[in-house]
Amino acid sequence: MKNEIISLIDESKLPIVKEAFYSNPEVEAVMERLYDQWEKNNHAGIPLDYATHEELLLLYKVAKEVVDSPHGELSRARMRRAMGLSEKGDEKKSLWKKLFKKG
């Protein structure tokens, strides 16, 4: 699974794929823990070497979702996160109506 995650995300030539993966809140939390462990072990191996099986499953699931998502949807999700909105908002309402709705 580690090699597949690396292949899907780190070896991708599309910056939007990397950004969507690494900005996912669940991925951020796992990666923070992995980097802490990696640093405590004098950078032995790679951070993914310190992941539990459950963490690898989560990272793999998110990686597949990101890679399989249309790039336009990844951009919309990034914009919604940046604006503090739900990533999977109600597509029937316009973003502007959500931003400017009254109290």
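The text that follows walks through the structure, step by step, so that each part is easy to find. (Residues numbered from 1 in each chain as written. Predicted model: local features only at pLDDT ≥ 70, side-chain atom pairs only at ≥ 80, totals over all residues. Heavy atoms only, no water.)

### As for unusual backbone geometry
- If you check the backbone angles, Asn42 has positive phi at about 55° while not being a glycine.
- Positionally, Asn42 belongs in the loop between α3 (25-40) and α4 (53-68).
- Although it is not a glycine, His43 adopts a positive phi angle of roughly 60°.
- Along the chain, His43 falls in the loop between α3 and α4. (Helix = DSSP H or I, 4+ residues; strand = E, 2+ residues; numbered from the N terminus.)

### With respect to the packing of aromatic side chains
- Per the counting criterion, the structure on display carries 2 aromatic pairs.
- With centroids separated by 4.9 Å and ring planes inclined at 85°, the aromatic side chains of Phe21 and Tyr22 adopt a geometry described as edge-to-face.
- Owing to a relative accessible area of 1%, Phe21 belongs among the buried residues under this scheme.
- With a relative accessible area of 31%, Tyr22 lands in the partly exposed category.
- With a centroid separation of 5.7 Å and an interplanar angle of 85°, the aromatic rings of Tyr35 and Trp38 are classed as edge-to-face. Of the two residues, Tyr35 and Trp38 are both situated in helix α3; the distance of 3 residues between them amounts to about one turn of the helix. (Phe/Tyr/Trp six-rings, centres within 6.5 Å; stacked < 30°, edge-to-face > 60°. Buried < 20%, exposed > 50% of the residue type's maximum accessible area, 1.4 Å probe, protein only.)

### Quick look at the side chain of Asn24
- Among the structural elements, Asn24 can be located in the loop between α2 (15-22) and α3.
- According to the relative accessible area criterion, Asn24 is buried, its value standing at 16%.
- A distance of 2.8 Å separates the side chain of Asn24 from the backbone nitrogen of Glu26, its partner in a polar contact. (Polar contact = N/O pair within 3.5 Å; in protein donor to acceptor, adjacent residues only side chain to side chain.)

### Things to note about the pattern of salt bridges
- A complete count under the given rule lists 3 salt bridges for this structure.
- When the shortest N-O distance is used, the salt bridge between Lys2 and Asp49 registers 2.8 Å. One end of the pair, Lys2, is in helix α1 (residues 2-10); the other, Asp49, is in the loop between α3 and α4, with 47 residues separating them in the sequence.
- Residue classification places Lys2 among the partly exposed residues on the basis of a relative accessible area of 30%.
- Taking relative accessible area as the criterion, Asp49 reaches 38% and is therefore assigned partly exposed.
- Across the pair Arg33 and Glu55 runs a salt bridge whose closest N-O atoms are separated by 2.6 Å. Note that Arg33 is positioned in helix α3 and Glu55 in helix α4, a separation of 22 residues in sequence.
- A relative accessible area of 31% means that Arg33 is categorised as partly exposed. (Salt bridge = Lys/Arg side-chain N within 4 Å of Asp/Glu carboxyl O.)

### As for the packing of α1 against α2
- Closest axis-to-axis distance for the α1/α2 pair is 8 Å, and the angle between their directions is 125°. Taken together, α1 and α2 sit at an angle that is classed as oblique. Here α1 contributes Ile5, Leu8, Ile9 and Asp10 to the contact with α2, which in turn contributes Val17, Lys18, Phe21 and Tyr22.
- Split by residue class, the contact of α1 with α2 holds 6 nonpolar, no polar and 2 charged. (Axes fitted to C-alpha atoms, helices over the stretch in contact; angles between N-to-C directions. Parallel < 35°, antiparallel > 145°, perpendicular 65-115°, else oblique. Contact = heavy atoms within 4.5 Å. Nonpolar A, V, L, I, M, F, W, Y, C, P; charged D, E, K, R; others polar.)

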